[in-house]
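Summary of the model geometry
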Amino acid sequence: MNKVILIGRLTRDPEVRYGQGGSQTAVARFSIAVDRRFKREGEPDADFFNCTAFGKQAEFVERYLHKGIKMVVVGRIQNDNYTNRDGQQVYSVRVMVDELEFAESKNASAGDGFGGNFGGGNNFAGNNGGNFGAPASKPAPGPIGDGFMNIPDGVEDEDLPFN
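As the structure is a prediction and not an experimental result, all values here were calculated from the model.

Points about the overall build of the protein chain
Tallying secondary structure elements over the protein chain gives 2 helices and 10 strands in all. Scanning the protein chain from its N terminus toward the C terminus, one meets helices and strands in the order β-β-β-β-α-β-β-β-β-α-β-β. Every one of the 163 residues in the protein chain was classed for burial, and the buried ones make up 32%.

Describing the pattern of salt bridges
Scanning all chains against the criterion turns up 5 salt bridges. The salt bridge involving R9 is made with E104; its shortest N-O contact spans 3.0 Å. Placement of R9 in strand β1 (residues 4-10) and of E104 in the loop between β8 (93-102) and α2 (106-110) is noted, with a sequence separation of 95 residues between them. Judged by relative accessible area, R9 falls into the buried class, the value being 18%.

As for the pairing of β1
Of all 7 residues in β1, 5 are buried; the element is thus mostly enclosed. Where β1 meets strand β5 (residues 70-79), 6 bridges bridge the pair, whose relative direction is antiparallel. Across the sheet, L6 pairs through a bridge with V73, a residue of β5. By the bridge criterion, 2 bridges tie β1 to strand β3 (residues 26-35) in an arrangement that is antiparallel. By the bridge assignment, L10 is partnered in β3 with I32.

Details of the environment of D45
For D45, the location among the structural elements is in the loop between β3 and β4 (46-54). D45 sits in the partly exposed class, given a relative accessible area of 44%. Measuring from C-alpha to C-alpha, the distance between D45 and D35 comes to 5.9 Å, with 10 residues separating the pair along the chain. When residues no more than four places from it in sequence are discounted, the contact partners of D45 are V34, D35, R36 and K39.

What about the side chain of S31?
By secondary structure assignment, the location of S31 is in strand β3. Given a relative accessible area of 5%, S31 falls into the buried group. Of the polar contacts made by the side chain of S31, one reaches the backbone oxygen of F49; its length is 3.4 Å. With sequence-adjacent residues up to four places away left out, S31 is seen in contact with R9, L10, T11, R12, F48, F49 and N50.

A look at the nonpolar core
The nonpolar side chains of a soluble globular protein tend to be buried, and buried together. Counting 19 residues, the largest nonpolar core has F30, I32 and V73 as the members making the most contacts within it. Elements with a contribution of two residues or more to this core: β1, β3, β4, α1 (55-64), β5 and β8. When residues in this core are grouped by element, the largest group, 5 residues, is from β3. Residue contacts for F30: discarding those within four places in its chain leaves L10, P14, F49, N50, C51, V61, V73, V97 and L100.

Side note on α1
By the burial criterion, the buried members of α1 are G55, A58 and V61. Projected onto a plane normal to the axis of α1, the buried residues spread over an arc of 110° and lie on a single side. Summarising the geometry of α1, the exposed residues directed more than 90 degrees from the buried face are K56 and R63. Looking at the buried residues of α1, the elements they touch are β2 (15-18), β3, β4 and β8.

Side note on the confidence of the model for the protein chain
Per-residue pLDDT for the protein chain has a mean of 76; in total, 66% of the residues score no lower than 70. Here residues 112-144 scores under 50 on pLDDT; set against residues more than four positions off or in separate chains, the count is 59 contacts.

So, how was this worked out
Residues numbered from 1 in each chain as written. Predicted model: local features only at pLDDT ≥ 70, side-chain atom pairs only at ≥ 80, totals over all residues. Heavy atoms only, no water. Helix = DSSP H or I, 4+ residues; strand = E, 2+ residues; numbered from the N terminus. Buried < 20%, exposed > 50% of the residue type's maximum accessible area, 1.4 Å probe, protein only. Salt bridge = Lys/Arg side-chain N within 4 Å of Asp/Glu carboxyl O. Pairing = 2+ DSSP bridges. Contact = heavy atoms within 4.5 Å. Polar contact = N/O pair within 3.5 Å; in protein donor to acceptor, adjacent residues only side chain to side chain. Core = buried A, V, L, I, M, F, W, Y, C linked by side-chain atoms within 4.5 Å. Arc of directions from axis to C-beta. pLDDT = per-residue confidence, 0-100.

Next comes the structure, spelled out in structure tokens:
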């Protein structure tokens, strides 16, 4: 199985191009910085991943994403190896995007840039209202500080109006 889930910030504005000919499929390329969980002195604090999205997702990237925004990227790792002009083999990987989600509210990204809330209502964070590292508890329905609404336990996906 080849599946990766990354949470990080875009390091620059995405580059979007459209294919030639009849298909004119959108292709978006962007890079995200993912903070390392454990930081050691003398080592980088983050890892950087090149990502590529196609079609409707690439159009979404073009319309809504920009440098600094925090995103959840779900995809697969693909080798992106090539031989450079000097004849040397260059090894790299690229994340081929299958899914994209915002990782924080618009207000959190406009604030200090370190909102940390995953934006409840998705299934990545379990039932703890979307805060990684927070103890699981039964949230009360209603708005919370970041503008998202906690969804109580027992609510099925089919019952949600935006699913």
